[in-house]
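Descriptive structure summary
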Amino acid sequence: MKESVDGHNHNHAHQEAAHGHSHTHDHGHLAHHAHPHAHPVTGGHTSRRDFLRVLMGGALTGASILELAYHRAAWARAAAPSADLDLFDLQKAADGVYFAHARPQTVINCNAAIFVRSKDVVVVDAHSKPSAAASLIAQIKRQITTKPVRYVINTHFHWDHTQGNHAYRQTGEKVDFIASATTKQLMTDLAVARMKASVDAVPQQIDALRERAARSTSAAEKTFCAGEIRHLQAYQAELKNYTLELPTITFDKSHLLPDAAFDLHLEFHGHAHTAGDVFVFCPQQRAVATGDASHGWLPFIADGFPRVWPGTIDRVAQSDFKHILPGHGPLQADRVVMTSQRNYIEELAGKVAEGKQAGLTVAEIQQRVTVASLKALQSNGYEAFLTRTLAASHPHFGKMPPLQEAVNVNIAEVYQNLDRV
Ligand SMILES: [Zn+2]
Ligand SMILES: [Zn+2]
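In this numbering scheme, every chain counts its residues from 1 along its sequence in written order. All chains are assigned letters beginning at A, and all ligands numbers beginning at 1, according to the order in which they are written. With the structure being a predicted model, the display of local features is reserved for residues of pLDDT at least 70 and the display and counting of side-chain atom pairs for 80 or more, all residues being used for whole-chain, interface and lining totals. Water and hydrogen atoms play no part in the side-chain values, which are based on all heavy atoms of the structure.

To continue, consider the sheet that holds strand 9 (residues 264-267). A sheet is described by the order of its strands in space; here five strands give the open sequence 8-9-10-11-12, paired in mixed fashion. Across the chains shown, the open sheet's two edge strands, defined by having one partner strand only, are strand 8 (254-257) and strand 12 (323-326). Taking the axes of each pair of neighbouring strands and ignoring which way they run, one obtains an average angle of 20 degrees across the sheet. Pairing analysis gives four bridges linking strand 8 to strand 9, with the strands arranged antiparallel. Across the sheet, the residue bridging to leucine 256 is histidine 265, located in strand 9. Two strands are counted as paired when DSSP detects at least two bridges linking them. Helix and strand assignments follow DSSP, with helices taken as H or I runs no shorter than four residues and strands as E runs no shorter than two, numbered in order from the N terminus. Angles run from 0 to 180 degrees between N-to-C directions of axes, and those axes are lines fitted to C-alpha atoms, restricted for helices to the stretch in contact.

Next up, the structure:
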């Protein structure tokens, strides 16, 4: 990974970074609120205080005083009734269908889809930490409905979609977690290891930020780095006592959640971003939540199936929907981005296969397969969309790394996983 223009290490900043891979990811700050220190836990009304006490009780063994303070701040933020502290921007996609667009954070959160039914709520995906899920729970109550969350669907096993599950359990409401049987198996096998990998990557990330702050002559950049460090410390402290919350309902091909308001069809259509991706389709509202099998960033392919992924999207695309609620990036009102990403994966798989067959190394393929040479990126404004979306989704100070760096990561991932079916 080459050094970027502003002299620090960007690595996978374009992607769902750190999906269990320890790499430096030093963009980022505390979204729109880099002040995780001044919000006393005791500020909320009684139920919130009790909620926090339950959540925090016993969760801090081994944490330093400093980490304890950051951990408390994360939870205070989760409970704070202030839009300034919210971690999500909520948008209405259709009647009863809402999109929670994650604000940028160094330790990324996935988006959520929120389906408000006649008596309860279904939420799709649960972010990278319980405090983020608690923040969304509070936001739903404040901005959408006081109906309880009855079901949480995990579209796939990745840490940034499942590590917040426990916050829903901690509300005390009856809740079930739904996923494909494959996702439950992958969570059983990998969730704790991936969580540990993401936490173990933190000290190195903090070191890099400290060095960068020390090198910098810009007060603003120093402040940016300090905010990033606080955010990483809060994540580290919070995840010290991780509670794995496995799916309680699983299925192989499909699962129906019927309701007077509308039905939700949970569907597995084949291998894609992982071996167990689930799509949540609402026929009455013509909406689909796609997790990371189709989203607004460049795809993350390290656990993926580049050869068969496009076919999986083609099967999904046979359903009648208009609103696409992706796991990352903005809400879509048409299929342009879904199609572009599908085409990008197909084209990249073809070009990497060609290079691999010709005996080229990954580095040689990366030299040849450029952003400018990829038709999918050059069609329908996809390159411009990605550039815009990635900058808006990732906290950064100074320039974002060039898109080619992320394409290079994709090339390496595809090379590795080319034969997976
Ligand atoms: Zn993700
Ligand atoms: Zn993912």
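For Na, K and Ca the donor cutoff is 3.2 Å, while for all other metals N, O and S atoms must lie within 2.8 Å; water is not among the atoms, so some sites may look incomplete. Coordination of the zinc ion (ligand 1) by the protein involves Asp160 (OD), His161 (NE2), Asp292 (OD) and His328 (NE2), with metal-donor separations of 2.1 to 2.3 Å. Irregular is the default label, applied whenever a site is not tetrahedral (four donors, all angles between 85 and 135 degrees) and neither square planar nor octahedral (four or six donors, opposite donors over 155 degrees apart, all other angles between 65 and 115). Coordination at the zinc ion (ligand 1) is irregular: its four donor atoms span angles of 82 to 163 degrees at the metal. Sequence spacing among the residues donating to the zinc ion (ligand 1) works out to D-H-x130-D-x35-H. Any residue under 20% of the maximum accessible area for its type is buried, any over 50% is exposed, and the rest in between are partly exposed; the area is computed with a 1.4 Å probe on protein chains only. Residue classification places histidine 161 among the buried positions, given a relative accessible area of 0%. Taking relative accessible area as the criterion, histidine 328 reaches 1% and is therefore assigned buried.

Looking now at the sheet that holds strand 1 (residues 88-94). Strand order in the open sheet formed by seven strands is 1-2-3-4-5-6-7, and the pairing between neighbours is mixed. Looking at the sheet topology across the chains shown, the edges are occupied by strand 1 and strand 7 (249-251). Each strand of the sheet is rotated relative to its neighbour by a mean of 20 degrees, with strand direction disregarded. Note: strand 4 (residues 121-124) against strand 5 (residues 149-153), four bridges, orientation parallel. The partner of valine 122 across the bridge, within strand 5, is tyrosine 151. Strands in contact with helix 3 (residues 130-143) are strand 1, strand 2 (97-102), strand 3 (112-116) and strand 4; relative to strand 1, the strand with the most contacts, it is inclined by about 55 degrees. Contact criterion: two residues are considered in contact whenever any of their non-hydrogen atoms come within 4.5 Å of each other.

With that settled, consider the pairing of strand 3. With respect to burial, strand 3 is a largely interior element, five of its five residues being buried. Burial of strand 3 is two-sided: the residues Ala112, Ile114 and Val116 facing one way and the residues Ala113 and Phe115 facing the other way are all buried. In this structure, strand 2 lies alongside strand 3, joined through four bridges in antiparallel fashion. Bridge pairing links valine 97 to phenylalanine 115 in strand 3. Here four bridges tie strand 3 to strand 4, and the two strands are oriented antiparallel to one another.

Looking now at the side chain of histidine 394. As for its placement among the helices and strands, histidine 394 is situated in the loop between helix 13 (382-393) and helix 14 (403-417). On the basis of relative accessible area, histidine 394 is assigned to the buried category, the value being 2%. Nitrogen and oxygen atoms within 3.5 Å of one another constitute a polar contact, given that in protein one can donate a hydrogen and the other can accept it, and given that sequence-neighbouring residues count only through two side-chain atoms. In terms of polar contacts, histidine 394 uses its side chain to reach the backbone carbonyl oxygen of leucine 390, at 3.0 Å.

One non-glycine residue with positive phi stands out, namely histidine 127, at about 70 degrees. Along the chain, the position of histidine 127 falls in the loop between strand 4 and helix 3. Its relative accessible area of 0% is what places histidine 127 among the buried residues. For asparagine 380, which is not glycine, the phi torsion reads 55 degrees and is therefore positive. Positionally, asparagine 380 belongs in the loop between helix 12 (375-378) and helix 13. Asparagine 380 gets classed as exposed once you look at its relative accessible area, which sits at 65%.

Relative to the elements of secondary structure, tryptophan 75 occurs in helix 2 (residues 65-79). Taking the C-alpha atoms as reference, tryptophan 75 lies 8.8 Å from proline 130; in sequence the two are 55 residues apart.

This paragraph deals with the nonpolar core. Most often, soluble globular proteins have nonpolar side chains that are buried together. One finds Tyr344, Leu348, Leu377, Leu386 and Val407 to be the most contacted residues of the largest nonpolar core, which totals 61 residues. At eight residues, the largest contribution of residues to this core is made by helix 10 (residues 336-357). Ignoring anything within four residues of it in the chain, the contact list for tyrosine 344 reads Leu298, Pro299, Leu374, Ala376, Leu377, Tyr382, Val407 and Asn410. One finds Ala112, Ala126, Ala133 and Ile137 within the second-largest nonpolar core, a separate group that totals 24 residues. We define a nonpolar core as any set of buried Ala, Val, Leu, Ile, Met, Phe, Trp, Tyr and Cys residues linked to one another through side-chain atoms lying within 4.5 Å.

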